[in-house]
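Next come the chains, spelled out residue by residue.
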Amino acid sequence: EYVYGPDVERDFRSPLYDTVLEESLYRLNKGLPADAINDALFKLRNFENGELVQKNAEFMEYLQSGIPVRYLEKGEERSTIVYLADYENTANNSFIIANQWTIVENAEKRPDVIIFLNGLPVAVFELKSPSREETDASEAYLQLRNYMYDIPSLFIYNAILVMSDQLTSKAGTITSGEDRFCLLYTS
């Protein structure tokens, strides 16, 4: 599904697509009580203190293995796992591509393209025009680094970064130096 960021009514201080995230967690974790889902949502929205890389590593563990949660059932404390994605039936997941998704944190920024998996911004694309001689994929890399300073919360949830000038496209992670981005495409 495609959405144009300015058309989505949401809290600009959050990089999450909250309505889709909540609906997805209930759909993926049928039968779990609201308290379990709410605990998972709280953990997704409130990472402990730490550097961006540590928060991203914790999120990646959640994405791969689920979020351990606690809830009360008939007065007894229970624990379970809330899953963020369905790896066995991928059609059960929500995939949304959004452009111009505004995020306000240290500054107001609008990354070119974000891909959401069940409301989680797992991929960020920065695109540069090849018609402008002074810009190339390296400029896209610098822009992604600036975003990490200006809107760091977006990158807690990031699994992949893509930079492209339409002639060359490369992919990496939040810890990749520009020289470590893998070539995806070149014309």
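Refer to the structure printed above.
Residues numbered from 1 in each chain as written. Predicted model: local features only at pLDDT ≥ 70, side-chain atom pairs only at ≥ 80, totals over all residues. Heavy atoms only, no water.

S.K.: Could you give an account of the overall build of the protein, naming the residues involved and the relevant values?
M.R.: Scanning the protein from terminus to terminus reveals 5 helices and 11 strands. Relative to the 2.2 N^0.38 estimate, which gives 16 Å for 187 residues, the radius of gyration of the protein is 18 Å and therefore close to what a compact globule would have. Principal-axis analysis of the C-alpha atoms places the extent of the protein at approximately 65 × 35 × 30 Å. The proportion of buried residues among the 187 residues of the protein is 45%. Relative to all contacts within the protein whose residues are 6 or more apart in sequence, the contacts with residues 24 or more apart total 54%. Looking at the protein as shown, the accessible area adds up to about 10200 Å², and 48% of this sits on carbon and sulfur atoms. Charged side chains in the protein number 17 positive and 30 negative. The centres of these two groups are separated by 2 Å. (Helix = DSSP H or I, 4+ residues; strand = E, 2+ residues; numbered from the N terminus. Rg over C-alpha atoms; globule rule 2.2 N^0.38 Å. Buried < 20%, exposed > 50% of the residue type's maximum accessible area, 1.4 Å probe, protein only. Contact = heavy atoms within 4.5 Å. Areas by Shrake-Rupley, 256 points an atom, 1.4 Å probe, with all protein chains shown as cover. Lys, Arg positive; Asp, Glu negative; His and termini not counted. Charge placed at Lys NZ, Arg CZ, Asp CG, Glu CD.)

S.K.: Give a description of helix H3 (residues 52–65) that names residues and reports values.
M.R.: Since one α-helical turn is 3.6 residues long, residues separated by three or four positions face the same way. The end-to-end C-alpha separation of H3 is 20 Å, in line with the 20 Å expected for 14 residues at 1.5 Å each. Taken as a whole, H3 has its buried residues at Asn56, Phe59, Tyr62 and Leu63. The buried residues of H3 occupy an angular sector of 115° when projected down its axis, which confines them to one face. For H3, the exposed residues lying more than 90 degrees away from the buried face are Gln54 and Gln64. Considering only its buried residues, H3 is in contact with helix H2 (34–45), strand S2 (67–73), strand S7 (113–117), strand S8 (120–127) and helix H5 (152–156). At the C-terminal side of H3, Gly66 shows a positive phi close to 95°. (Expected span 1.5 Å × (residues − 1). Arc of directions from axis to C-beta.)

S.K.: Outline the packing of helix H1 (residues 18–28) against H2, supporting the account with residue identities and numerical values.
M.R.: As a packed pair, H1 and H2 sit with axes 10 Å apart at the nearest point and diverge in direction by 140°. By the angle between their axes, H1 is oblique relative to H2. In terms of crossing hand, the pair formed by H1 and H2 is right-handed. Across the interface between the two elements, Asp18, Leu21, Glu22, Leu25 and Tyr26 of H1 pack against Ala34, Ile37, Asn38, Ala40, Leu41, Leu44 and Arg45 of H2. For the contact of H1 with H2, the per-class residue count stands at 8 nonpolar, 1 polar and 3 charged. (Axes fitted to C-alpha atoms, helices over the stretch in contact; angles between N-to-C directions. Parallel < 35°, antiparallel > 145°, perpendicular 65-115°, else oblique. Left-handed = near helix turned anticlockwise from the far one by under 90°. Nonpolar A, V, L, I, M, F, W, Y, C, P; charged D, E, K, R; others polar.)

S.K.: Please provide a residue-by-residue account of the nonpolar core, values included.
M.R.: Nonpolar side chains tend to gather and get buried jointly when the protein is soluble and globular. Membership of the largest hydrophobic core comes to 24 residues, with the highest contact counts inside it found for Leu25, Leu44, Phe59, Leu84 and Leu120. Within the residue set of this core, elements represented by two or more residues are H1, H2, H3, S2 and S8. Top contributing element to this core by residue count: H2, with 5 residues. Tyr141, Met148, Leu154 and Phe181 belong to the second largest nonpolar core, which has 23 residues in total. (Core = buried A, V, L, I, M, F, W, Y, C linked by side-chain atoms within 4.5 Å.)

S.K.: So what's going on with the pattern of salt bridges? Residues and values would help.
M.R.: Inspection of the entire model under this criterion finds 10 salt bridges. Residue Arg110 is joined to Glu108 by a salt bridge in which the shortest nitrogen-to-oxygen separation is 2.6 Å. Residue class for Glu108 comes out partly exposed when judged on its relative accessible area of 47%. (Salt bridge = Lys/Arg side-chain N within 4 Å of Asp/Glu carboxyl O.)

S.K.: So what's going on with the pairing of S2? Which residues, and what values?
M.R.: When S2 meets strand S3 (residues 76–82), the two strands line up antiparallel, connected through 7 bridges. Note on S3: the bridge partner recorded for Tyr71 is Arg78. Between the antiparallel neighbours S2 and S3 lie 2 residues, among them Lys74 with a positive phi of about 55°. (Pairing = 2+ DSSP bridges.)

S.K.: If you had to explain the sheet that holds S7 to someone new, which residues and values would you point to?
M.R.: Across a sheet, paired strands are connected by hydrogen bonds in the backbone, their directions being either parallel or antiparallel. The 7 strands are arranged S1-S4-S7-S8-S9-S10-S11 in an open sheet whose pairing can be described as mixed. Only two strands of the sheet have a single neighbouring strand rather than two, namely strand S1 (2–4) and strand S11 (182–186). The sheet shows a mean angle of 20° between the axes of neighbouring strands, taken without regard to direction. Bridge count for strand S10 (residues 168–172) against S11 is 4 bridges, and the pairing is antiparallel.

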